[in-house]
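Coordinate inspection notes
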Amino acid sequence: MKKSEGLWGRLWGFFSSLRLTIFLLFILAVTSISGTLIMQRANPQQYVKTYGVAGYQVIKALGLYDVYHSWWFLSLLALLAFNIVVCSFDRFPRSWRFVREPLRWPARGVLGEMKPQERFNVALSPEDALDKIQEVLKDKGYKCEKKLEGKLGRLFAQKGVINRLGVYVTHLSVLIILIGGLIGGIWGFSGSMTIVEGESSRNVTIFGSHKVVTLPFDVRCDSFQVAFYPGTMTPKDYRSTVTILEHGKPVVTKDVRVNHPLKYRGISFYQASYGTISNRVGTLTLEVIPREGGDKPFRVEAKVGGEVSLKDGYRLKVVAFFPDLVLGKDNQPMNRSEDLRNPAALLEVKKDGRPQYRSWVFAFFPEVHSVKDAPFRFRYVSFKGLQYTGLQVSKDPGVWVVWTGCTLILVGLVISFFISHRRIWVLVEDKGKKRQVQVVGNVNRNHAAFSQHFGEIIKEMREALGGSQ
Amino acid sequence: MQGLALYRTLDTKLIAVVIFIYLLATVLYFCHIPFRNKWLGRSATLVTLAGLVTETASMVIRTVISYRMGWGHAPFTNLYESMVFFSWSIVIIYLLIEWKYKNRTIGAFVMPFAFIALAYTTIGPGIRTQIEPLVPALQSNWLIAHVITCFLGYAAFAVSCGVSVMYLIKARAQERGGDIAFLPDLRVLDDLNYKAVMIGFPLLTLGIITGAAWANYAWGSYWTWDPKETWSLITWLIYAAFLHARFTRGWRGKKTAVLSIIGFTAVLFTYLGVNLLISGLHSYA
Ligand code: HEM
């Protein structure tokens, strides 16, 4: 290339240089550290609290509150990409020539200087000798070409020439990954939505800002549940049953669990968090003990305000629920807090639609009943308040570009690290009384392994050629 | 009952044995250097192999116990288990290199890493050896691919670091007009350093990619600049710089040895430092 010719040449030289590459890789590594030490995307008050006002000024001026999206970090990445592009343009033509027009028939003087090489004599004619040699090389996976020039027979063999292109695959994949990231950054989003059980929403709050994206459909949370490993407090499963509604009509219902997202119209929903909205509404689980001695106790679940049937035409209604019951003025029941500190429920038993009796049930006082000799007694088992689920919502149209780049980078690395370009030239010369074979090898990496390989090949050639000396 | 209790902790008891085996192996490899005794060298390799087999048995037993307890997961899920797997990876990679290059001297500088990693499981702060059920985030096959590739990569970098330390020691002795004849040739060490990085770099790349794939699947973004992710990228950038410096700018010897040691420091920080000093998504390793 037109290196160091005028300004253009100097610029080209600078942007294609490996010195710049190494500098950029180091600078990116070093500056990346800052974002792992300084909190990212926090609000100004937090920075002032931790680093003081002056510290915050510096952080703000240098964009250190969001290092990886700051103008200078993105510029460094862009510069790296540019470096790769220029460098590839600079070098690719030469590599391509290697592949398209290999050095098949170099001058004998050139070959004489190369290492490793071997010479030995054979009895066969150059033609027959080359045939046998070609067989040996083909067995080893070499591609061969022969040429006879009067008394001189020539053979060129090579394998692994693709290694010459491996770095371009690797470098191109770095570009592809960066482009994929850019696509996601421009046309994608990532945020969260919280939905109370039974309700639906279409608003996604974007991370790190207060922007809200409105989805073109509704998402309803039918229920949310946590399961624990038996006998432990370790959660085993978080599960939201989610329904997608288009124009109010349900189209998909699916359980969203950690590691099991829901995908709909290019948007993915992930189980991310959960919480309790209220303990005044929710689902109550009770043990029902019939008065008749013969009947076994059984369990029922009922929503606060809802009804459930018991047996023999009896139904149960949960009239009210108090997570933390205390008696206020005039002995009125009331809540002290939202926590389940003294849960109690007022129940009503009905038959054929007509109320029969009311009864209180207390979690911590199971023997207290307001009605004696009733057909059913009740015991508190558990209560699950109204929950909300937190879903992470993201759309990233660049993700397939990124995966393509990731696959290619692995292919590129394997091609450039574990395949080497091996070349072998053979000359067989008829010198009247004797015929001399000259074998010359060349490799572009991993020379030690090639020397060994070359030794084996020579041995096999000699065996194949028989009466050699 | 007694039998069951013993069985439930059998895996950690085996690891206690392996710690001593690796210590013994380290000592044997060191003794092998000045004496150059064939039998000493062979016994070092045999002892290392015995340690590796015992350690493998411990990991298998741990998996079986976990299935018996109804949790059923591969032993890669907390700091203790990752440390055990780290030392296992170092020994596997080392033995492969010893076998391929027929050189036992490196053992003296690599086996200490395997020993220290295991010893750390007994003295490190806050290391729990119990088998625990998996929280939902860790219930993924990506976990296994991610942990295996990362740690094999780390192990290759541990080897390159050990070799680089040897290089620097020998080079310094030669600068002072002497030599440490029992250490391999500087050229050999330099070459091994490069080879180990060539094994480690694709593995680390794959480790980062499987991690990204998993994050994308579990959380919805393949890259969030979480401190552990960022540090793995820093490590990757350092080794990418190493490859370019060495392959095309012709850096050799001391400079690349130092780079290799810096790279491994970044590996250790990614693996342990981030957890000890910075909090993030990765709860353990
Ligand atoms: C993150 C970015 C990059 C990665 C991951 C990367 C990766 C690689 C790898 C793995 C090799 C093979 C090294 C070896 O065979 O030992 C390589 C070689 C090379 N890289 Fe990069 N590279 C990057 C950026 C660049 C840039 C910006 C340039 C621009 C000058 C560059 C120029 C080269 C050159 C000239 C070679 C040697 C090719 C040869 O002669 O065979 N690389 N790169």
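Computed from a predicted structure; not experimentally measured. (Residues numbered from 1 in each chain as written. Chains lettered and ligands numbered in written order. Predicted model: local features only at pLDDT ≥ 70, side-chain atom pairs only at ≥ 80, totals over all residues. Heavy atoms only, no water.)

Topic: the pairing of strand 16 (residues 344-351) of chain A
Residue and element names in this part refer to chain A. When you tally the buried positions in strand 16, you get seven out of eight residues, the bulk of the element. When strand 16 meets strand 17 (residues 354-362), the two strands line up antiparallel, connected through eight bridges. Note that in strand 17 the partner of glutamate 348 across the bridge is arginine 358. (Buried < 20%, exposed > 50% of the residue type's maximum accessible area, 1.4 Å probe, protein only. Helix = DSSP H or I, 4+ residues; strand = E, 2+ residues; numbered from the N terminus. Pairing = 2+ DSSP bridges.)

Description of the packing of aromatic side chains
Scanning the entire structure with this criterion turns up 39 aromatic pairs over all chains. With a centroid separation of 6.1 Å and an interplanar angle of 15°, the aromatic rings of tyrosine 47 of chain A and tyrosine 56 of chain A are classed as stacked. Their ring planes at 10° and their centres at 3.7 Å tell us that phenylalanine 321 of chain A and phenylalanine 383 of chain A sit as a pair that is stacked. Pair noted here: phenylalanine 321 of chain A is in strand 13 (residues 314-322) and phenylalanine 383 of chain A is in strand 18 (residues 376-395), with a separation of 62 residues, a long-range link. The pair phenylalanine 321 of chain A / phenylalanine 383 of chain A is uniform in exposure class, with both members buried. Taken together, the ring pairs connect Phe85, Phe86, Trp88, Phe151, Tyr154 and Tyr271 of chain B into an aromatic cluster. Stacked on the ring of phenylalanine 98 of chain A, the Lys or Arg arginine 164 of chain A has its end atom at 3.9 Å from the ring centre. Positioned above the aromatic ring of tryptophan 39 of chain B, the side-chain terminus of arginine 42 of chain B is 5.2 Å from the ring centre. (Phe/Tyr/Trp six-rings, centres within 6.5 Å; stacked < 30°, edge-to-face > 60°. Lys NZ or Arg CZ within 6 Å of the ring centre and 35° of its normal.)

What to know about the site of the ligand
Within the structure, the ligand sits among 23 residues, and Cys87, His171 and Arg445 of chain A together with Tyr194 and His244 of chain B are positioned closest to it. Neighbouring residues of the ligand are not confined to a single chain but are spread across chains A and B. The contact in question runs from a nitrogen atom of the ligand to an N or O atom on the side chain of histidine 171 of chain A, over 2.8 Å. In the environment of the ligand, an oxygen atom lies 2.6 Å from a nitrogen or oxygen atom belonging to the side chain of tyrosine 194 of chain B. (Near = heavy atom within 4 Å. Polar contact = N/O pair within 3.5 Å; in protein donor to acceptor, adjacent residues only side chain to side chain.)

What to know about helix 7 (residues 163-187) of chain A
Residues and elements named next belong to chain A. With 25 residues, helix 7 ought to run about 36 Å at 1.5 Å a step, and its terminal C-alpha atoms sit 36 Å apart, in line with that. Buried within helix 7 we find Asn163, Arg164, Leu165, Gly166, Tyr168, Thr170, Ser173, Val174, Leu175, Ile176, Gly180 and Gly184. Buried-residue contacts for helix 7 involve helix 4 (71-100), helix 8 (399-418) and strand 19 (422-431). (Expected span 1.5 Å × (residues − 1). Contact = heavy atoms within 4.5 Å.)

Section: the domain arrangement of chain A
The domain boundaries assigned to chain A delineate domain 1 (7-97), domain 2 (104-160 + 420-464), domain 3 (185-277 + 389-407) and domain 4 (279-385). Centre-to-centre separation of domain 1 of chain A and domain 2 of chain A, based on C-alpha positions: 50 Å. (Domains from an automatic or database assignment.)

A short note on the sheet that holds strand 19 of chain A
All names here are of chain A. Ordered in space as 1-20-19-3-2, the five strands form an open sheet in which the pairing is antiparallel. The strands lining the two open edges of the sheet, one partner per strand, are strand 1 (117-122) and strand 2 (143-149). If you compare each strand with its neighbour and ignore which way they point, the axes differ by 15° on average. Two strands pair when backbone bridges link them, and strand 1 and strand 20 (residues 434-443) are joined in this way by six bridges, in the antiparallel orientation. When the bridges of strand 20 are listed, asparagine 121 appears paired with glutamine 436. Along the sheet, helix 6 (residues 126-139) makes contact with strand 1, strand 2, strand 3 (152-159), strand 19 and strand 20, crossing strand 2 at roughly 170°. (Axes fitted to C-alpha atoms, helices over the stretch in contact; angles between N-to-C directions.)

Looking at the sheet that holds strand 12 (residues 307-309) of chain A
Residues and elements named next belong to chain A. Read from one edge to the other, the open sheet built from four strands follows the order 12-13-16-17, with strand pairing classed as antiparallel. Looking at strand neighbours, the two that pair on one side only are strand 12 and strand 17, the edges of this open sheet. Taking each pair of neighbouring strands and ignoring which way they run, the sheet shows an average axis angle of 25°. Judged from the eight bridges that link them, strand 13 and strand 16 form a sheet pairing that is antiparallel. For valine 318, the partnering residue across the bridge sits in strand 16 and is leucine 347.

Regarding a positive patch on the surface
Residues and elements named next belong to chain A. Where like charges cluster on the molecular surface, the positive patch consists of Arg119, Lys431, Lys433 and Lys434. Its location among the elements puts arginine 119 in strand 1. A residue is classified by how much of its surface remains accessible, and arginine 119, at 45% relative accessible area, is partly exposed. (Patch = residues over 30% accessible without salt bridge, like charges linked within 9 Å, V, L, I, M, F, W, Y side chains within 5 Å. Areas by Shrake-Rupley, 256 points an atom, 1.4 Å probe, with all protein chains shown as cover. Salt bridge = Lys/Arg side-chain N within 4 Å of Asp/Glu carboxyl O. Lys, Arg positive; Asp, Glu negative; His and termini not counted. Charge placed at Lys NZ, Arg CZ, Asp CG, Glu CD.)

Describing the coordination of the iron atom of the ligand
The iron atom of the ligand binds to the protein through His171 of chain A (NE2) and His244 of chain B (NE2); the donor distances cover 1.8 to 2.0 Å. Coordination at the iron atom of the ligand is octahedral: its six donor atoms span angles of 87 to 179° at the metal. Here histidine 171 of chain A is found in helix 7, whereas its partner histidine 244 of chain B is found in helix 8 (residues 227-247) on a different chain. A relative accessible area of 21% places histidine 244 of chain B in the partly exposed class. (Donors = N, O, S within 2.8 Å, 3.2 Å for Na, K, Ca; no water. Tetrahedral: all angles 85-135°; square planar, octahedral: opposite > 155°, others 65-115°.)

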